[in-house]
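Observations on the model geometry
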Amino acid sequence: MRWEWLHQEDFDKAIEISKGVCVMPMGCCEMHGEHLPVGQDYLTAEYVAREASKLEPVCLFPTFRFGDVQGLRMWKGSVILSVELEQALLTELCSEIARNGFKKIILLNGHGGNIPLLGNFVRSTMKEKKDYVVVARNEYCWGVSELVQELDAGADFPLLTKEDKEYVRDFVYNKKTWGHAGIEETSVMCKIAPELVNFDRMHVRDGLSRHKSDYLAEVGFGLTTRFWLKDYPDSYAGHHPEKANARIGETILRRRIETQAEACRRLKQDDRVLEWNDEYNKMW
Ligand SMILES: [Zn+2]
């Protein structure tokens, strides 16, 4: 069901099995501290999309690797496209997916900086009549805080050791941070591709906030991330996740994969979104 692995004669069958649902994973290329790969976000989105499609078969479009990373010019590895080009690429790729017969498109996002881009893009699809719908969701919908909440409510996570549970609780109870390249992303990569995690490079950078832009955030300007780099100049936001590991990563990923599979299932069963789209087209 991977687009690039299908043969031309397979597409009709793929459309039937997927009920017209096609998923495009999205991320970006940007520095994730010294210890994680620049492709962290798209590698994670791709992994979640792929594993979820094994639970609920849908077509998998090649990953959109170049998300919105304006500002990270000072670090090697960033691939910075203009927002206009990204919008144009999304527009044309989605219309090509639809032209091939998949009328329900899910953009599965793994990068926080893509949220404004995706909001704008999905809204922009209403500018013209379309015979398809695009929806977007974040793959990182469940993480350390949700894990600790459920642990405290008595849930059992069989992969985790007693020490792992204490470790994640320490992050939440003591209000430690893990926004970017922190415990979640590091644990997740320990599961997906442990050879790409450089624990020995973690301490080269400081992941704690310099709090330079707090006074702007206090009055609501935190909505934009224009000054994020003043607080986190090393493109790393988090207490050093020294004990991050694949058990924590797999626990987090399992839930994200199940949730993505459920999202696919729901959209496969649903024809209302296409009816609403027709109704919208008739209102023009
Ligand atoms: Zn990331």
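Before reading on, note that the structure itself is shown above.
Read on for a plain summary of the structure. Being a predicted model, the structure only gives us computed values, none of them experimental. (Residues numbered from 1 in each chain as written. Predicted model: local features only at pLDDT ≥ 70, side-chain atom pairs only at ≥ 80, totals over all residues. Heavy atoms only, no water.)

**Section: the coordination of the zinc ion**
Using the following cut-off: Excluding water, the donors of a metal are its N, O and S neighbours within 2.8 Å, or within 3.2 Å for Na, K and Ca, and that exclusion means sites may look incomplete. Only runs of H or I of at least four residues qualify as helices and only runs of E of at least two qualify as strands under DSSP, and these elements are numbered from the N terminus. Any residue under 20% of the maximum accessible area for its type is buried, any over 50% is exposed, and the rest in between are partly exposed; the area is computed with a 1.4 Å probe on protein chains only.
All of the protein donors around the zinc ion are His32 (NE2), Asp41 (OD) and Glu185 (OE); their distances to the metal are 2.0 to 2.1 Å. Along the chain, the residues donating to the zinc ion fall in the pattern H-x8-D-x143-E. Of this pair, His32 sits in the loop between strand E1 (21-26) and helix H2 (40-55) while Glu185 sits in helix H7 (residues 183-192), placing them 153 residues apart in sequence. For the pair His32 and Glu185, one class covers both residues: buried.

**Brief notes about the side chain of Thr186**
Which entries qualify depends on this criterion: Under this definition, polar contacts are N or O atom pairs within 3.5 Å; protein pairs additionally need one hydrogen-donor-capable and one acceptor-capable atom, and for neighbouring residues in sequence, both atoms have to be side-chain atoms. Only heavy atoms enter the contact rule, under which two residues are in contact if any of them lie within 4.5 Å.
Looking at the secondary structure, you find Thr186 in helix H7. A polar contact is formed between the side chain of Thr186 and the backbone oxygen of Ala181, at a distance of 3.2 Å. Residue contacts for Thr186: discarding those within four places in its chain leaves His35, Leu36, Ala181, Val197, Phe199, Met202, Pro241 and Ala244.

**Details of the state of the cysteines**
Heads up, the rule is: Cysteine sulfur atoms are paired as a disulfide whenever they fall within 2.5 Å.
In total, this model carries 0 disulfides according to the counting rule given. Not part of a disulfide, Cys94 finds its nearest cysteine sulfur in Cys22, a span of 8.7 Å. Here Cys94 falls in the buried class, since its relative accessible area comes to 0%.

**Observations concerning helix H6 (residues 162-173)**
Counted only if it meets this: Expected helix span is computed as 1.5 Å times (number of residues minus one). The arc refers to the directions leading from the helix axis to the C-beta atoms.
The end-to-end C-alpha distance of H6 is 16 Å, a good match for the 16 Å that 12 residues give at a rise of 1.5 Å each. Taken together, the buried positions of H6 are Asp164, Tyr167, Val168 and Phe171. Across the axial projection of H6, the buried residues extend over an arc of 90°, all falling on one side. The inward-facing, buried residues of H6 contact helix H5 (144-152), H7 and helix H10 (246-269).

**Looking at H5**
All buried positions along H5 are accounted for by Val144, Leu147, Val148 and Leu151. On an axial view of H5, the arc spanned by its buried residues comes to 95°, and they lie on one face. Check the buried side of H5 and you find it contacts H6, H7 and H10. Positive backbone phi, approximately 100°, marks Gly154, located one or two places after H5.

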